[in-house]
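Residue-level structural notes
As a plain string of letters, each chain reads:
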Amino acid sequence: MWKGRDVINILDFSRNDLEVLFEKADYMRKNQYRLKNELSDIIIGLAFFEPSTRTRMSFETAAKRLGAETVGFVSEEATSIAKGESFSDTIRMLDSYVDLIVVRHKYEGAALLASNIAEKPIINAGDGKSHHPTQAMLDLYTTKTLFNTIDGLTFAFIGDLKYSRTVSSLIFGLTAFNPKEIILISPSSLRLREEIRLVAEERGLRLREEENIEAISDADVIYVTRIQKERFPDLQEYERVRGSYRINKELLDKYAKDDAKVLHALPRIDELSRDIDDTKFQAYFTQARLGIPIRMALLSLVLKGE
Ligand code: NCD
């Protein structure tokens, strides 16, 4: 059951919920340009307290493809928060204007707090370092679209596994399925946090930690992440690890399975070389494109039901 739900943490969604979502996303993908009447009575609030390009623009595009209007802001500086207004007043006000609110914030728990304040559904578009449920839904949907399954696949996560909310959210999302193995490749100071690891293992995922990049050789999905500079409490710590890994065509040709696919939530800095863009491994642009149908499906399910 999707109608009226808040989307805060992907762990709140069952395999069946996610399969309903994927089916709806398939429908949206096929009919993308013919659905202008679906949400024509709806106004969606986009409350982006932290910068975003893809997530915000894909929510906005998804809303518009379904005929909804959007209002909102793209940074704290652009709101009365800059004048000292509180987060809760901003959410309360928006709640009285619109039918659903998409929230992004640098602090973990912001979306949950918003859902306690607002009567309308809240969708978490990323809060702090742990949750980015709609990105995880999109990543699962991309995997399902590319491989026709999620069960039985091996996933390698590379890079900043400590601060990447796309990584923790996708690992949480994978607990609803039966992947073969999860390989975690990172510098030792950027390993997956214990609290994420414990939840994943408790829910039956097999995790294996590696420092050497050759470990991608077992993977079907190679999930690369940007070092999350803005989340380092100490910039010297960031300086020590920046540039410490870089995935390029040569490395993939040497180690990756023939039909492996590379995902990345984007933006990329230097961890993912452009020389992969035109190879068979590249799936990150496909992934970005599928952000529209998955968010169309989400908005439609939460606002109108199945
Ligand atoms: C990610 C995020 O904001 O967590 N980006 C996104 O949503 N597409 C990943 C990142 O910023 O590195």
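Here's a quick rundown of the structure.

Rules of the game
- Residues numbered from 1 in each chain as written.
- Predicted model: local features only at pLDDT ≥ 70, side-chain atom pairs only at ≥ 80, totals over all residues.
- Heavy atoms only, no water.
- Helix = DSSP H or I, 4+ residues; strand = E, 2+ residues; numbered from the N terminus.
- Rg over C-alpha atoms; globule rule 2.2 N^0.38 Å.
- Buried < 20%, exposed > 50% of the residue type's maximum accessible area, 1.4 Å probe, protein only.
- Contact = heavy atoms within 4.5 Å.
- Areas by Shrake-Rupley, 256 points an atom, 1.4 Å probe, with all protein chains shown as cover.
- Lys, Arg positive; Asp, Glu negative; His and termini not counted.
- Charge placed at Lys NZ, Arg CZ, Asp CG, Glu CD.
- Near = heavy atom within 4 Å.
- Polar contact = N/O pair within 3.5 Å; in protein donor to acceptor, adjacent residues only side chain to side chain.
- 1 Å grid on protein atoms, 1.4 Å probe; cavity = no way out; pocket = protein on both sides within 12 Å on 5 of 7 lines; lining within 4 Å.
- Sits in = over half its atoms within 2 Å of the grid points.
- Nonpolar A, V, L, I, M, F, W, Y, C, P; charged D, E, K, R; others polar.
- Domains from an automatic or database assignment.
- Points joined across faces, edges and corners; volume = space filled by probe spheres on them.

Points about the overall build of the protein
Counting its regular elements, the protein contains 10 helices and nine strands. Its C-alpha atoms give the protein a radius of gyration of 19 Å, within 12% of the compact-globule value 19 Å for 306 residues. Taken over the C-alpha atoms alone, the protein extends approximately 55 × 45 × 40 Å along its principal axes. Per-residue burial for the protein yields a buried fraction of 58% across its 306 residues. Pairs at least 24 residues apart make up 75% of the contacts formed inside the protein by residues separated by at least 6 positions. Looking at the protein as shown, the accessible area adds up to about 13400 Å², and 45% of this sits on carbon and sulfur atoms. Distance between charge centres in the protein, computed from 44 positive and 48 negative side chains, equals 4 Å.

A closer look at the site of the ligand
The ligand sits among Arg54, Thr55, Arg104, His132, Gln135, Arg165, Thr166, Arg226, Gln228, Ala265, Leu266 and Pro267. Here an oxygen atom of the ligand sits 2.9 Å away from a polar atom, N or O, in the side chain of threonine 55. In isolation the ligand exposes 320 Å². Once the protein is present, 92% of that is buried. Structurally, the ligand is housed in the largest pocket. Those elements giving two or more residues to the shell around the ligand turn out to be helix H2 (54-65) and helix H6 (165-174). Grouping the constituent residues of the shell around the ligand by class yields three nonpolar, five polar and four charged. When we break the shell around the ligand down by domain, the ones giving at least three residues each are domain 1 (10-131 + 291-304) and domain 2 (133-288).

Focus on the layout of surface pockets
Considered as a void within the structure, the largest pocket measures approximately 420 Å³ in volume. What lines the largest pocket is a set of 23 residues, among which Arg104, Arg165, Arg226, Leu266 and Pro267 lie closest to the centre. Looking at the lining of the largest pocket, the elements that each hand over two or more residues are H2, H6 and strand S8 (221-224). When grouped by side-chain class, the residues that make up the lining of the largest pocket number six nonpolar, 10 polar and seven charged. As a volume, the second largest pocket reaches approximately 170 Å³. Every residue lining the second largest pocket is counted, 17 residues in all, and those nearest its centre are Arg54, Thr55, Ser58, Ala288 and Arg295. Every element with two or more residues in the lining of the second largest pocket is listed here: H2, helix H5 (133-147) and helix H10 (284-304).

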